[in-house]
Amino acid sequence: MIIRPATESEMDALYMMGFDAWGGGMPQAEYLAACKSSPKYAKGQWYVLAESDVPVASLILYRDQFGLKDGQAGIGSIATSPAHRRQGCASRLILGVIHHLFSTTTVTTVFLHSDIDTAFYEALGFQRISDQDGCMFITRSPGTPLRACPAYF
């Protein structure tokens, strides 16, 4: 499996990975249209974990927006195809993107907003910001206290 930027032709499949969690009961066509027209989604860079060049997990990466400062990034919309869930695919993708950011860029801190049990992200090394519901971070600069979470991305 490899981690790479998503291609434009893969976007419908990536959006559909999260349909069961974020579709809110709307028809698939309406959900896809909402994703395609989302200004939030247009502002990020999508990454995938691909097996035989087919995406099995995806996430979006944000920098320089939503209150993210220099040296900070945010990840979100983490999803895995139903056939590949509970096989470590999302973990591999998250950790791979973070490793790439920490080793090749000036990013020192990555944020996410958890809408699932935070134990999944804590097992990957993320910490909760105590007074921020669902806001978590991982840093390569331990000892730097974080008291505020950027706006939801």
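Computed from a predicted model, the values in this text were never measured in an experiment. (Residues numbered from 1 in each chain as written. Predicted model: local features only at pLDDT ≥ 70, side-chain atom pairs only at ≥ 80, totals over all residues. Heavy atoms only, no water.)

1. Side note on the environment of Leu14
In this structure, Leu14 sits in helix H1 (residues 11-17). With a relative accessible area of 2%, Leu14 lands in the buried category. Separated by 92 residues in sequence, Leu14 and Thr106 place their C-alpha atoms 28 Å apart. When sequence neighbours within four positions are dropped, the list of residues in contact with Leu14 reads Ala6, Trp46, Val48, Pro55 and Ser58. (Helix = DSSP H or I, 4+ residues; strand = E, 2+ residues; numbered from the N terminus. Buried < 20%, exposed > 50% of the residue type's maximum accessible area, 1.4 Å probe, protein only. Contact = heavy atoms within 4.5 Å.)

2. A look at the pairing of strand E4 (residues 72-80)
Of all nine residues in E4, nine are buried; the element is thus mostly enclosed. In this structure, strand E3 (residues 54-63) lies alongside E4, joined through six bridges in antiparallel fashion. Directly across from Leu61, in E4, lies its bridge partner Ile75. In this sheet, strand E5 (residues 109-113) lies alongside E4 in parallel orientation, the contact comprising three bridges. Each bridged residue has a counterpart across the sheet, and for Ala73 the counterpart in E5 is Val110. (Pairing = 2+ DSSP bridges.)

3. Description of the sheet that holds E5
Pairing within the open sheet is mixed, and its seven strands lie in the order E1-E2-E3-E4-E5-E7-E6. The sheet terminates laterally at strand E1 (2-5) and strand E6 (127-128), the two strands that pair on one side only. Pairing of E6 with strand E7 (residues 135-139) involves two bridges; the strand directions are antiparallel. What sits directly across from Gln127, in E7, is Phe137.

4. A word on helix H5 (residues 89-104)
Compared with the 22 Å implied by 1.5 Å per residue over 16 residues, the 22 Å span of H5 between its first and last C-alpha is a close match. For H5, the complete set of buried residues consists of Cys89, Ala90, Ser91, Leu93, Ile94, Val97, Ile98, Leu101 and Phe102. (Expected span 1.5 Å × (residues − 1).)

5. Describing helix H3 (residues 28-36)
Of the positions making up H3, those classed as buried are Tyr31, Leu32 and Cys35. When H3 is viewed along its axis, its buried side chains cluster within an angular range of 95 degrees and face the same direction. In this structure, the buried residues of H3 make contact with H1, helix H2 (19-22) and helix H4 (39-42). (Arc of directions from axis to C-beta.)

6. Details of the layout of surface pockets
Here the largest pocket defines a volume of roughly 660 Å³. Along the walls of the largest pocket sit 28 residues, with Ile78, Ala79, Thr80, Ala90 and Ile116 positioned nearest its centre. Tallying contributions element by element places E4 first for the lining of the largest pocket, with six residues. A per-class count over the lining of the largest pocket returns 14 nonpolar, nine polar and five charged. Lining the second largest pocket are 13 residues; nearest its centre among them are Glu8, Met11, Tyr15, Tyr41 and Trp46. Mapped onto the lining of the second largest pocket, the elements with two or more residues apiece are H1, H3, H4 and strand E2 (45-51). Taken together, the residues of the lining of the second largest pocket break down into seven nonpolar, four polar and two charged. (1 Å grid on protein atoms, 1.4 Å probe; cavity = no way out; pocket = protein on both sides within 12 Å on 5 of 7 lines; lining within 4 Å. Points joined across faces, edges and corners; volume = space filled by probe spheres on them. Nonpolar A, V, L, I, M, F, W, Y, C, P; charged D, E, K, R; others polar.)

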